[in-house]
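Coordinate inspection notes
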Amino acid sequence: MGLYKKGSTQNTFNSEWDAFITTGDMNALAIIYEEHFDLLLNFGHKFCRDESVLEDAIQNIFSKLISGRERLGKINNVKHYLLIAYRNELFTLFQKSKKTIVSEIIPDFHFKPEYSVEDEIIEKEGKAHIKKFLIKSLQKLTPNQQEVLYLKFDLELSYEEISETLNISVKSCRTSIYRSIKMIKADVESMMQKKIQLFFCILRTIF
């Protein structure tokens with residue numbers, strides 16, 4: 001499957017989307033599917049351990065696109081549209097799994113990150129040596145805080161797109177990211193200070 005490259009312009013796929021909704025061009029839809037499959041699958045891994053469930057959800061949203069093509073309209077961001085549809089589809093499958101207990105979707109549909117947002121923050125801070133502290137700090141955030149950071153730094157969504165994806169206000173998005181980064185920086189500085197203090201304690205016992 002194609003791997004959606006970070007920073008890719010959505011205009012690349014707008015023409016394919018327009019061709020699909022206006023003429024039913026399946027080749028255009030196949031291009032969209034191929035280029036977004038890995039991105040959607042990687043996003044799904046943050047919620048679910050069952051690979052078959054993740055792939056079924058992707059198949060479901062594209063099947064719905066085909067069956068509901070005549071009701072679709074132009075969109076500004078194909079990636080964002082698919083992320084919302086995929087997240088909603090996973091949530092639907094999760095609700096069904098709670099009743100049938102046939103999948104391994106994690107309890108409460110929580111975001112469980114294994115992502116590289118820490119590299120984005122490190123790059124901005126210019127302190128590569130704090131990565132291990134940063135990872136520990138990220139794990140202390142709530143699932144909602146982690147998902148907002150993931151959507152912003154890894155998937156490069158705008159605040160408006162994050163707001164629509166998570167059904168929260170733009171102000172809440174900005175506040176969440178500001179508070180999360182502020183907490184992370186303070187936490188990392190605290191951990192580094194403790195490590196320095198521990199180092200000198202060890203030195204005193206030796207010498």
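The sections below set out a description of the structure shown in this document. These figures come from a predicted structure and were not determined experimentally.

1. A few points about the overall build of the protein
When helices and strands are counted, the protein shows nine helices and zero strands. Across the protein, helices and strands are ordered from the amino to the carboxyl terminus as α-α-α-α-α-α-α-α-α. Considering the protein as a whole, with its 207 residues, one finds that 43% of them fall into the buried category. Across the protein, the fraction of contacts at a sequence separation of at least 24, relative to all contacts at a separation of at least 6, is 68%.

2. Things to note about the nonpolar core
Within the largest apolar cluster, 48 residues are counted, with the highest numbers of intra-cluster contacts made by Leu40, Phe62 and Tyr86. Among the secondary structure elements, those contributing two or more residues to this core are α1 (11-23), α2 (26-44), α3 (51-67), α4 (78-100), α6 (131-138), α7 (143-154), α8 (159-166) and α9 (170-206). Of the residues forming this core, the biggest block, eight residues, is contributed by α2. Discounting residues that sit within four places of it in the chain, Tyr86 has contacts with Leu40, Leu41, Phe43, Gly44, Leu54, Ala57, Ile58 and Ile61.

3. Overview of the pattern of salt bridges
Within the structure shown, the criterion is met by four salt bridges. For Asp18, the salt bridge goes to Lys74, with nearest N and O atoms at 3.3 Å. Here Asp18, found in helix α1, pairs with Lys74, found in the loop between α3 and α4; they are 56 residues apart in sequence, far enough to count as distant. For Asp18, a relative accessible area of 22% translates into the label partly exposed. Judged by relative accessible area, Lys74 falls into the exposed class, the value being 66%. Across the pair Glu147 and Arg87 runs a salt bridge whose closest N-O atoms are separated by 2.7 Å. Here Glu147 is found in helix α7, whereas its partner Arg87 is found in helix α4, with 60 residues between them in sequence. Across this residue pair, the class does not change: Glu147 and Arg87 are buried.

4. Notes on α2
At His36, α2 is bent by approximately 45°, the largest bend along its length. Among the residues of α2, those classed as buried are Ala28, Leu29, Ile32, Tyr33, His36, Phe37, Asp38, Leu39, Leu40, Leu41, Phe43 and Gly44. If you check the start of α2, you find a side-chain oxygen 2.9 Å away from the backbone N of Asn27, and it comes from Asp25.

5. Brief notes about the packing of α7 against α8
Close contact between α7 and α8 brings their axes to 10 Å; oriented N to C, the two are set at 135°. Comparing the axis directions of α7 and α8 gives the class oblique. Our pair here, α7 against α8, has a crossing hand that is right-handed. Contacts between α7 and α8 pair Glu147, Val148, Leu151 and Lys152 from the former with Tyr159, Ile162, Thr165 and Leu166 from the latter.

Rules and cut-offs
Counting restarts for each chain, with residues numbered from 1 along the sequence as it is written. Where local features are concerned, this predicted model is filtered to residues with pLDDT of at least 70; where side-chain atom pairs are given and counted, the filter is 80 or more; whole-chain, interface and lining totals use all residues. The side-chain quantities take in all heavy atoms of the structure and omit both hydrogens and water. The way it works is that DSSP assigns letters per residue, a run of H or I at least four long becomes a helix, a run of E at least two long becomes a strand, and they are numbered from the N terminus. Think of it in three bands: residues with accessible area under 20% of the maximum for their type are buried, residues over 50% are exposed, and the middle band is partly exposed, with areas taken using a 1.4 Å probe on protein chains only. Contact definition: two residues touch when any of their heavy atoms are within 4.5 Å. Throughout, nonpolar core names a set of buried Ala, Val, Leu, Ile, Met, Phe, Trp, Tyr and Cys residues whose side chains join them through atoms within 4.5 Å. Take a side-chain nitrogen of Lys or Arg and a carboxyl oxygen of Asp or Glu: if they are within 4 Å of each other, that pair is a salt bridge. Bending is quantified residue by residue as the angle between axes fitted to the seven-residue window ending at that residue and the seven-residue window starting at it. Between N or O atoms, a polar contact is any pair within 3.5 Å; within protein, one atom must be a potential hydrogen donor and the other a potential acceptor, and residues adjacent in sequence are included only when both atoms are from side chains. Helix axes use the C-alpha atoms of the stretch in contact, all axes being lines fitted to C-alpha atoms, and the angles between their N-to-C directions lie in the range 0 to 180 degrees. Orientation is classified from the angle alone, with under 35 degrees giving roughly parallel, over 145 giving roughly antiparallel, 65 to 115 giving roughly perpendicular, and any other angle giving oblique. Note on convention: the crossing is left-handed when the near helix lies turned anticlockwise from the far helix by less than a right angle, right-handed when the turn is clockwise.

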